[in-house]
Amino acid sequence: MFFKQRSSADGTLSYFYGCGSKGSAVAVDVVAGDEAWFVEEAQKAAVRIAFVIDTHIHADHFSGGRKLAELADAPYCLHESDVGKVHFPIRGLQDGEVLETGNVTTKVLHTPGHTSDSICLLVSDLRRSADPWFVLTGDTLFVSGVGRPDLGGTPEEMAGRIFDSIHAKLLTLPDDLEIFPGHAAGSVCGAGLSGKPSSTIGFEKRWDPYLSMTDRDAFIRELTANIPERPAEMARMVAANLGAAA
């Protein structure tokens, strides 16, 4: 298995991983302008990009996912709730669905809250074990923080959904499981984000202030009281990522 993390100046993190021996790979949360990097990395690794995935409709940057999918002749994937919402064809991913790329598998976890379509990706390398090796947590769980709750629905409603998603889907995973989030420090997608671009479930249980909260109402109050300013040009970015802007 190979795994690469790519960082942008605004703290956005993208991922490229897959099975080198069987020549199949996945690209996740590609930023517009980075498409050529993924194509070049695929060529260097002698792999085919089998899936291009965005963990949600992004509001803080222009996505390069759809363009990369066209260049790679691969399906562009979002959660199935985005079918009919976006203005272009997608492969709608279902909660619990498993994508196979050679010896590497990717299980889809629907984790609404930051947005209603948010997903996390639980990845296993079958040459080592069927047990998951790491999880890409998108904008649901960060190192030292969680996603902002004001991008769809009321902040209180969405904060409650983040709490439910984290406790039902992520905190049930093994403590030694690595997490790789969609953003690090410098992003406005959450408050108090660490500059460290990875962690483990167990470490975050101990030190992420939101994960230590077991009272749902207290979590909602704290999260809604610490919402960063909205991203610049957010409306234009969301429209473009939906395919509604030229």
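Refer to the preceding data block for the structure.
Here the residue numbers are simple positions, counted from 1 along each chain's written sequence. Thresholds applied to this predicted model are a pLDDT of at least 70 for local features of residues and 80 or more for the giving and counting of side-chain atom pairs; totals over whole chains, interfaces and linings are not thresholded and use all residues. Excluding hydrogens and water, the side-chain figures rest on all heavy atoms present in the structure.

Novice: Sorry, what's going on with the overall build of the chain here?
Specialist: Check the secondary structure of the chain and you find six helices and 14 strands. For the radius of gyration, the atom set is restricted to C-alpha positions; the globular benchmark scales as 2.2 Å times the number of residues to the power 0.38. The C-alpha radius of gyration of the chain comes to 17 Å, within 12% of the 18 Å expected for a compact globule of 246 residues. A total of 246 residues make up the chain; the buried ones form 54% of that total. Where accessible areas are quoted, they stem from the Shrake-Rupley method and a 1.4 Å probe; at the residue level, only the protein chains shown are allowed to cover. Taken as a whole, the chain presents about 10300 Å² of accessible surface, with 50% of it coming from carbon and sulfur. For the chain, the centre of its 22 positive side-chain charges and the centre of its 33 negative side-chain charges are spaced 4 Å apart. Helix and strand assignments come from DSSP, with helices taken as H or I runs of at least 4 residues and strands as E runs of at least 2, each series counted from the N terminus. A 1.4 Å probe rolled over the protein chains alone gives each residue an accessible area, and that area as a share of the maximum for its type sets the label: buried under 20%, exposed over 50%, partly exposed in between. Counting rule applied: Lys, Arg positive; Asp, Glu negative; His and chain ends not counted. Working definition for charges: the position is that of NZ of Lys, CZ of Arg, CG of Asp or CD of Glu.

Novice: When you look at the packing of helix H1 (residues 35–45) against helix H2 (residues 65–72) in this model, what are you seeing that I'm missing?
Specialist: A packed helix pair is summarised by two numbers, namely the angle formed by the two axes and the spacing between the axes. Structural elements are reduced to axes, namely lines fitted to C-alpha atoms, with helices fitted over the stretch in contact, and the angle between N-to-C directions of any two is expressed from 0 to 180 degrees. Running from N to C, H1 and H2 cross one another at 35°; their axes reach a closest spacing of 9 Å. Of the two possible hands of crossing, H1 and H2 adopt the one that is right-handed. Where H1 abuts H2, its residues Glu-35, Phe-38 and Val-39 lie against Lys-67, Leu-68 and Leu-71. Its residues placed into classes, the contact of H1 with H2 shows four nonpolar, no polar and two charged. Left-handed describes a crossing whose near helix is turned anticlockwise from the far helix through less than a right angle; right-handed describes the clockwise counterpart. Two residues form a contact once any of their heavy atoms are found within 4.5 Å. Nonpolar residues are Ala, Val, Leu, Ile, Met, Phe, Trp, Tyr, Cys and Pro. Charged residues are Asp, Glu, Lys and Arg, and all others, Gly as well, are polar.

Novice: What am I meant to see in the sheet that holds strand S8 (residues 104–110) here?
Specialist: Backbone hydrogen bonds hold the strands of a sheet together, and the pairing may be parallel or antiparallel. An order of S7-S8-S9-S10-S13-S14 is seen for the six strands of this open sheet, with the pairing classed as mixed. On the outer flanks of this sheet lie strand S7 (98–101) and strand S14 (199–200), each paired with one strand and no other. Strand pairing follows a simple DSSP-based rule, namely that at least 2 bridges must link the two strands. Relative to S8, S7 is paired through four bridges, and the arrangement is antiparallel. In the sheet register, Glu-100 faces S8, and the bridge partner there is Thr-105. Packed onto the sheet, helix H3 (residues 155–170) meets S8, strand S9 (119–125) and strand S10 (134–138) and runs at close to 145° relative to S8.

Novice: Help me understand the sheet that holds strand S3 (residues 24–28), please; the structure alone is not making it clear to me.
Specialist: Pairing is mixed in the open sheet, where six strands are placed in the order S1-S2-S3-S4-S5-S6. Two strands lie at the open edges of the sheet, namely strand S1 (2–7) and strand S6 (91–93), each paired on one side alone. The average undirected angle you get between the axes of adjacent strands in this sheet is 25°. Where strand S5 (residues 76–79) and S6 come together, three bridges link them in parallel fashion.

Novice: Mind showing me how you'd approach H3 here?
Specialist: Multiplying one less than the number of residues by 1.5 Å gives the expected span of a helix. Here H3 is 16 residues long and its end C-alpha atoms lie 21 Å apart, about the 22 Å a rise of 1.5 Å per residue gives. Those residues of H3 lying buried are Met-158, Ala-159, Gly-160, Ile-162, Phe-163, Ser-165, Ile-166 and Leu-170.

Novice: Would you mind showing me how to read the state of the cysteines here?
Specialist: Each disulfide consists of one covalent bond between the sulfur atoms belonging to two cysteines. Cysteine sulfur atoms are paired as a disulfide whenever they fall within 2.5 Å. Applying the stated criterion across every chain, the model contains zero disulfides. Looking at the unpaired Cys-77, the closest cysteine sulfur is the one in Cys-120, lying at 16 Å.

Novice: What am I meant to see in the pairing of strand S2 (residues 13–19) here?
Specialist: Each regular strand displays side chains that alternate between the two surfaces of the sheet. The element S2 is extensively covered by neighbouring structure, given that seven of its seven residues are classed as buried. Burial of the side chains of S2 extends over both faces: Leu-13, Tyr-15, Tyr-17 and Cys-19 are buried on one face and Ser-14, Phe-16 and Gly-18 on the other. Across six bridges, the pairing between S1 and S2 is antiparallel. Counted as the bridge partner of Phe-2 is Gly-18 from S2. Of the pairings in the sheet, the one linking S2 to S3 comprises five bridges and is antiparallel in character. The partner of Gly-18 across the bridge, within S3, is Ala-25. The loop that links S2 with its antiparallel partner S3 comprises four residues; one of these, Gly-23, has a positive phi angle of about 65°.

Novice: Would you take a moment to explain the packing of H3 against helix H5 (residues 216–224) for this structure?
Specialist: It is at 9 Å that the axes of H3 and H5 come closest, and there the two elements cross at 125°. Judged on the interaxial angle alone, H5 and H3 are oblique. Between H3 and H5 the crossing geometry is right-handed. On H5, the residues touching Pro-155, Glu-156, Ala-159, Gly-160, Arg-161, Ile-162, Phe-163 and Asp-164 of H3 are Arg-216, Phe-219, Ile-220, Leu-223 and Thr-224. Partitioning the contact of H3 with H5 into residue classes produces seven nonpolar, two polar and four charged. Reported orientations rely on four angle classes, namely roughly parallel under 35 degrees, roughly antiparallel over 145, roughly perpendicular from 65 to 115, and oblique for the rest.

Function-wise, these values are silent; they only describe arrangement.
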